[in-house]
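Residue strings, one per chain:
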Amino acid sequence: MSKTIKKIGVLTSGGDSPGMNAAIRSVVRTCAFHNIECVGIYRGYQGMIEGDFKELGPRSVNNIINKGGTFLKSARSQEFRTPEGRKKAHDNLVKEGVEALVVIGGDGSFTGGLLFNAEFGFPVIGIPGTIDNDIYGTSHTLGYDTALNTVVEVIDKIRDTASSHNRLFLVEVMGRDAGHIALNAGIGAGAEEILIPEEDLGLERLMDSLKRSKSTGKTSSIVVIAEGDKTGKNVFELKDYVESNFPEYDVRVSVLGHMQRGGSPSCFDRVLASRLGVKAVESILEGKSNYMVGLLNDKIALTPLEQAIKGHTEIDRELLRVSDIMSI
């Protein structure tokens, strides 16, 4: 294994997700294992521009594997979108002696890393961190499994109230462009209907489903809606539409929002983060760059960053069929 790289920088960028701290820990400890220095870059690309660096060793990352969020912080950086900003960032890395980057984030973060490599020839490896699970080249992104468990737990609690008061709850979950959270959590929580951006099911199907539920004796229902679904202009207009067609329903809306991003990462996300961090560092030491490390068929695999950015994840059609059967 080539060890020409002597110092690696690690940053988190974009929206936070559970498991990011575990991934940072893995990167730092893998560097230490291979006698490589590691530098934590605070506040993503903006911190790189401002030189907000800190040397990290194995003891620097004690007791963070169980914590949500990212102790390196995350921030959007408009300045990094400019050539001048990226030049400042590069100068700071050179001054610090950092020779390669591990970027933990989503497709926007990877786009920044790809551009940075193109301009300066700087080695970059990406680790996918987003609860939406919408990055090509991995079956699971960091935080997705934790978010699913959070959503299912919350819906279970909502169902207690729905059953007690004969109510219909419309539960909006994250997923502007992808319905992975809604589909999987909806099945896991026993939702009567699931609305996702990938499938334009339409208002008529929803009405038919609610009629069927009513006719079979259901006195309460849960409908899980991805925020990007366009069945209604928004979940509150959808509530008004349902109420106008089913005045007998007491319809309530729960928008779960950012609670889905927080919390202690699941065991699955902690193990995944550890595996991805090891592969990211060792890929750099092998001379690789412009790849994302991901999970494919339960094996850690490399996908070119450009493919990870431009590719599209697909909804599991079998899960859609299972959802239809379970809602009867």
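Quick notes on the rules
- Residues numbered from 1 in each chain as written.
- Predicted model: local features only at pLDDT ≥ 70, side-chain atom pairs only at ≥ 80, totals over all residues.
- Heavy atoms only, no water.
- Helix = DSSP H or I, 4+ residues; strand = E, 2+ residues; numbered from the N terminus.
- Buried < 20%, exposed > 50% of the residue type's maximum accessible area, 1.4 Å probe, protein only.
- Contact = heavy atoms within 4.5 Å.
- Areas by Shrake-Rupley, 256 points an atom, 1.4 Å probe, with all protein chains shown as cover.
- Lys, Arg positive; Asp, Glu negative; His and termini not counted.
- Charge placed at Lys NZ, Arg CZ, Asp CG, Glu CD.
- Pairing = 2+ DSSP bridges.
- Axes fitted to C-alpha atoms, helices over the stretch in contact; angles between N-to-C directions.
- Phe/Tyr/Trp six-rings, centres within 6.5 Å; stacked < 30°, edge-to-face > 60°.
- Domains from an automatic or database assignment.
- Buried area = accessible area lost by both parts, 1.4 Å probe.
- UniProt positions renumbered as here; feature names shortened; annotations may be inferred.

Student: Would you take a moment to explain the overall build of the protein chain for this structure?
Tutor: Assigned secondary structure in the protein chain consists of 11 helices and 11 strands. Based on the C-alpha atoms only, the size of the protein chain along its principal axes is roughly 70 × 35 × 30 Å. For the protein chain, the proportion of its 328 residues judged to be buried stands at 51%. Long-range pairs, those at least 24 residues apart, make up 75% of the contacts in the protein chain with a sequence separation of at least 6. Carbon and sulfur atoms make up 50% of the accessible area of the protein chain, which amounts to about 14300 Å² in all. Side chains of the protein chain carry 38 positive and 43 negative charges; the gap between the two charge centres is 6 Å.

Student: Please explain the sheet that holds strand β9 (residues 250-255) as it appears in this structure.
Tutor: Within a beta sheet, neighbouring strands are joined by backbone hydrogen bonds and run either parallel or antiparallel to one another. Taken together, 4 strands build an open sheet; the order of strands is β7-β8-β6-β9 and the sheet is parallel. With partners counted over all chains shown, the strands left at the sheet margins are β7 (193-195) and β9, one partner each. Averaged over all adjacent pairs, the angle separating strand axes in this sheet is 20 degrees, with direction ignored. Against the sheet, helix α5 (residues 144-165) touches β6 (167-173), β8 (221-226) and β9, its axis set at about 165 degrees to β6. The sheet strands contacting helix α8 (residues 235-245) are β6, β7, β8 and β9, and the helix crosses β9 at an angle near 170 degrees.

Student: Looking at this model, I keep getting lost on the sheet that holds strand β10 (residues 291-296). Mind explaining?
Tutor: The 7 strands lie next to each other as β3-β2-β1-β4-β5-β10-β11, forming an open sheet whose pairing is mixed. Bordering the open sheet on either side are β3 (53-56) and β11 (299-304), each of which pairs with just one other strand. Neighbour-to-neighbour, the strand axes of the sheet open up by a mean angle of 30 degrees, direction not taken into account. Of the strand pairs in this sheet, β10 and β11 are connected by 6 bridges, and their pairing is antiparallel. From the neighbouring strand, M292 faces β11, where its bridge partner is T303. Strands in contact with helix α9 (residues 267-285) are β1 (7-12), β4 (100-105), β5 (124-128), β10 and β11; relative to β10, the strand with the most contacts, it is inclined by about 140 degrees.

Student: How should the packing of aromatic side chains be read in this particular structure?
Tutor: The way to describe two aromatic rings as a pair is by their centre distance and the angle between their planes. Going through the model one piece at a time under the given rule, you end up with 5 aromatic pairs. Centroid distance F116 to F120: 5.1 Å. Interplanar angle 55 degrees. Geometry classified as tilted. Placement of both F116 and F120 in helix α4 (residues 107-120) is noted, with a separation of 4 residues, approximately one turn of the helix. Each residue in the set Y45, F80, F116, F120 and F122 is aromatic and connected to the rest through ring pairs, giving one cluster.

Student: Looking at this structure, I do not really get the domain arrangement of the protein chain. What am I missing?
Tutor: A common way to express how large an interface is: the accessible area buried when the components associate. Taken domain by domain, the protein chain comprises domain 1 (7-143 + 265-310) and domain 2 (145-261). Taking only C-alpha atoms into account, the centre of domain 1 sits 35 Å from that of domain 2. Counting from both sides, the interface comprises 13 residues of domain 1 and, opposite them, 11 residues of domain 2. Its largest share of buried area at the contact with domain 2, domain 1 owes to D16, I131 and D132, together 45% of the area lost on that side.

Student: Would you take a moment to explain the UniProt feature "binding site: ATP" (unreviewed entry) in the protein chain for this structure?
Tutor: In the numbering adopted here, UniProt assigns the feature "binding site: ATP" (unreviewed entry) to G15, R76, S77, G106, D107, G108 and S109. Across 95 residues in sequence, these annotated residues keep their C-alpha atoms within 14.4 Å of one another, forming a single compact spot. Within the element layout of this structure, G106 appears in the loop between β4 and α4. Its relative accessible area of 15% is what places G106 among the buried residues. Discounting chain neighbours no more than four positions away, the residues touching G106 are S13, G129 and I135. Mapped onto the fold, D107 is located in helix α4.

Student: Help me out: how do you make sense of the environment of L320 in this one?
Tutor: Looking at the secondary structure, you find L320 in helix α11 (residues 317-326). Accessibility expressed as a relative area gives 17% for L320, which makes it buried. Separated by 136 residues in sequence, L320 and N184 place their C-alpha atoms 9.4 Å apart. Beyond its immediate stretch of four places on either side in the chain, L320 contacts L183, I196, E199 and I315.

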